[in-house]
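Coordinate analysis (summary)
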Amino acid sequence: MDTCDVIVLGSGHNGLILQAYLARAGLDVLCLESRDEAGGGMTTVEQPAGSGFLHNTHSFFHRGVTLLPWYRDLELERRGAQYITPSFNVGLLCEDGRSLEWWDDFEKTFASFEAVSPEDARTLRRWRNDFVPIVSGILEPETQRPPLPPEVRRKSLSASPEGRLLMETSPLSPLEFVLREFKHPAVQAALLFFNGLREVDLREPGFGHHVPSLMASKRMAQMAAGGTKQVAAALIHAVEEAGGKIRVSSRPRRIIVEHGRAVGVETVSGDVIKARHAVVSSLNPQQTFLELIDESLLPADWVAKARAFRYNLLGPLFALNLNLSDRPRYSAAEKRPELNHAFMFILGIEQPETLLKIVEHHEAGTIPPTVMWGTCPTQFDPSQAPAGRHTAFMWEKLPYRLNGDARNWDAAKAAHGRDMLRAWSRYAPNLNDAVLEMSTASPLDVERTLENMRFGDLLGGSLGHGQTGYNRPFAGAGNYRGHLQGLYLCGSACFPGGNITGMPGYNSAQVVLADLGIDAPWAPGPIESVYAKLAR
Ligand SMILES: Cc1cc2nc3c(=O)[nH]c(=O)nc-3n(C[C@H](O)[C@H](O)[C@H](O)COP(=O)(O)OP(=O)(O)OC[C@H]3O[C@@H](n4cnc5c(N)ncnc54)[C@H](O)[C@@H]3O)c2cc1C
């Protein structure tokens, strides 16, 4: 039997970030990972093996990671992580060759919207300007701390004009906000799609502030040099340098509970590992509470809440990955050469109704009209393919249960990949001759690789159904603490949610260390002082 101070379940970036902070605080921390490699959704795979073509089969577009506190605190650059942030960050191509563009320089973003609708461009500027202090003064500091109960938060926000504007805007859904504020269908579609890139459901009330926040934020899409896996490698280095250990191919069978405390983990292979202080799970709440803890040890309402936990309808992604002899060359770049340098392309959407159709198809389990987004990573980092060759990918939001059953994907995915390639070639005709190899990954493949991504939900649970803020993953479990002493949560199912933000791990580490009475000098001060700065 092994004994350590803390056991972490799952080695995605949230688990690794928490583990690194705890290990640096002097705790003996062991992470148990069911796969044969650590890193979770920070993976890069050579396809085919030995070919030199690298594909980032899970996360690729990391939003402003270099601005996040854990990236700095854990010295990831010293450990080999390096990010590339193309200035022309996102381009949405219309069939007539026009583009709506999102640059790191707002004036350029403005100019592209102005070319389509001067009135909408002015509206965008006004909202963006109003939200710059809200993003930097409220929303970003909030995500870097454990969330407050909603009534406490409301009271604090009502003390400042920025907080009041945020509270007026939030109750809307992104759809309501965009349709109310903007007139041109292509502008509406672009803004709603930008919103959807962060997987927020456009119909979800409570996210009306999301579009202006995105426009006001300095955090742009970035890619990791050498592949996403390099960032995981840097995190693993930070963990190991601080004395933390990661045990791969180790699957927990149950969390051991004694005298009302989580005191260890038994693995499927029969190992028993005791934890002196805590077990921290980065898995989803159904795995943690329903599969790893005996039901008799859970309060009845926690069983009910964990069972009722919902996944994102629009969470699943389908991926088409290409190995190429040439990069995609978009026809629209003949008139607008800047497009040759755009990072992310969005294709197939010019009106908001298309997004609503996508939602309907997800509900019906059928394939919607093709709307996709992706990039050619090797245009920005040639190291991800052999010399002179390229990789490129497109993602599409597609339902998990294709025609009622996720297993239908196995027979359907190759043909769907060809459909996507055909649609893509309409914008970049040279693709027809440039493809050397292609592969696809369905929402079912996502779940097969990372079992915590139930139903292909890459965000670790819906951001609707009240599963937000202090009530994420569900009411009572929203402060990273489980129902037992010594049991904590730290994955995407916690506030603020999925994607590569590291905030669930970062915030959970604050809570665990505070409960253990261990100083965390790196932790930001209390959120109350942040609100107080704005109060007037
Ligand atoms: C196709 C795709 C594209 C994506 N693109 C982006 C993107 O561009 N940008 C972005 O920010 N995000 C993206 N994401 C989402 C991102 O990958 C996730 O939100 C993120 O990885 C979640 O991090 P995490 O640390 O919470 O969990 P994960 O990264 O999911 O890690 C969880 C870990 O737990 C392990 N595990 C699961 N079950 C068990 C068990 N029973 N016992 C032990 N270990 C277990 C898993 O193997 C995994 O290593 C994408 C995801 C997918 C699938």
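Just above sits the structure.
Residues numbered from 1 in each chain as written. Predicted model: local features only at pLDDT ≥ 70, side-chain atom pairs only at ≥ 80, totals over all residues. Heavy atoms only, no water.

**Concerning the site of the ligand**
Neighbouring the ligand are 34 residues; Glu33, Phe61, Ser492, Asn499 and Ile500 lie closest to it. The contact in question runs from a nitrogen atom of the ligand to an N or O atom on the backbone of phenylalanine 61, over 2.7 Å. Compared with its free state, where it exposes 1000 Å², the ligand has 97% of that area covered by protein. For the shell around the ligand, the residue count by class is 12 nonpolar, 17 polar and five charged. (Near = heavy atom within 4 Å. Polar contact = N/O pair within 3.5 Å; in protein donor to acceptor, adjacent residues only side chain to side chain. Areas by Shrake-Rupley, 256 points an atom, 1.4 Å probe, with all protein chains shown as cover. Nonpolar A, V, L, I, M, F, W, Y, C, P; charged D, E, K, R; others polar.)

**Here's the deal with the sheet that holds strand S6 (residues 83–84)**
Taken together, three strands build an open sheet; the order of strands is S5-S9-S6 and the sheet is antiparallel. Edge positions in the sheet fall to strand S5 (62–63) and S6, since each of these pairs with one other strand and no more. (Pairing = 2+ DSSP bridges. Helix = DSSP H or I, 4+ residues; strand = E, 2+ residues; numbered from the N terminus.)

**Quick notes on the packing of helix H7 (residues 174–181) against helix H8 (residues 185–197)**
Contact pair H7 / H8: the axes reach a minimum separation of 10 Å and the direction vectors enclose 155°. Accordingly, the angle class assigned to the pair H7 and H8 is roughly antiparallel. Where H7 crosses over H8, the two elements pack in a sense that is right-handed. Here H7 contributes Pro174, Leu175, Val178 and Leu179 to the contact with H8, which in turn contributes Gln188, Leu191, Leu192 and Asn195. Taken together, the residues of the contact of H7 with H8 break down into six nonpolar, two polar and no charged. (Axes fitted to C-alpha atoms, helices over the stretch in contact; angles between N-to-C directions. Parallel < 35°, antiparallel > 145°, perpendicular 65-115°, else oblique. Left-handed = near helix turned anticlockwise from the far one by under 90°. Contact = heavy atoms within 4.5 Å.)

**Focus: the side chain of glutamine 188**
Relative to the helices and strands, glutamine 188 is located in helix H8. Assessed through its relative accessible area of 9%, glutamine 188 is described here as buried. At 2.7 Å, the side chain of glutamine 188 and the backbone oxygen of phenylalanine 182 are in polar contact. The residues contacting glutamine 188, other than those within four sequence positions of it, are Val178, Leu179, Phe182, Lys183 and Pro352. (Buried < 20%, exposed > 50% of the residue type's maximum accessible area, 1.4 Å probe, protein only.)

**With respect to helix H6 (residues 161–169)**
Those residues of H6 that fall on the buried side of the exposure criterion are Glu162, Gly163, Leu166 and Thr169. With its buried residues spanning 130° around the axis, H6 presents them on a single face. Buried residues along H6 sit against helix H4 (118–143), helix H5 (150–157), H7 and helix H18 (527–534). (Arc of directions from axis to C-beta.)

**Regarding empty space enclosed by the protein**
Remark: the empty space left among the atoms is shown by a probe the size of a water molecule rolled over them. Under the definition given, this model contains two cavities of 30 Å³ or more. What the largest cavity holds in volume is close to 160 Å³. Lining the largest cavity we find 14 residues, and of these Phe193, Gly196, Leu314, Leu355 and Lys397 sit closest to its centre. Put simply, the parts of the chain that give the lining of the largest cavity at least two residues each are H8, helix H13 (352–364) and strand S17 (390–397). Here the second largest cavity is characterised by a volume of approximately 60 Å³. In terms of lining, the second largest cavity is formed by Arg327, Pro328, Tyr330, Leu339, Asn340, Ala342, Phe343, Phe345, Thr375, Cys376 and Gln379. A class-by-class count of the residues in the lining of the second largest cavity yields seven nonpolar, three polar and one charged. (1 Å grid on protein atoms, 1.4 Å probe; cavity = no way out; pocket = protein on both sides within 12 Å on 5 of 7 lines; lining within 4 Å. Points joined across faces, edges and corners; volume = space filled by probe spheres on them.)

The values reported here are purely geometric and, on their own, carry no functional implication.
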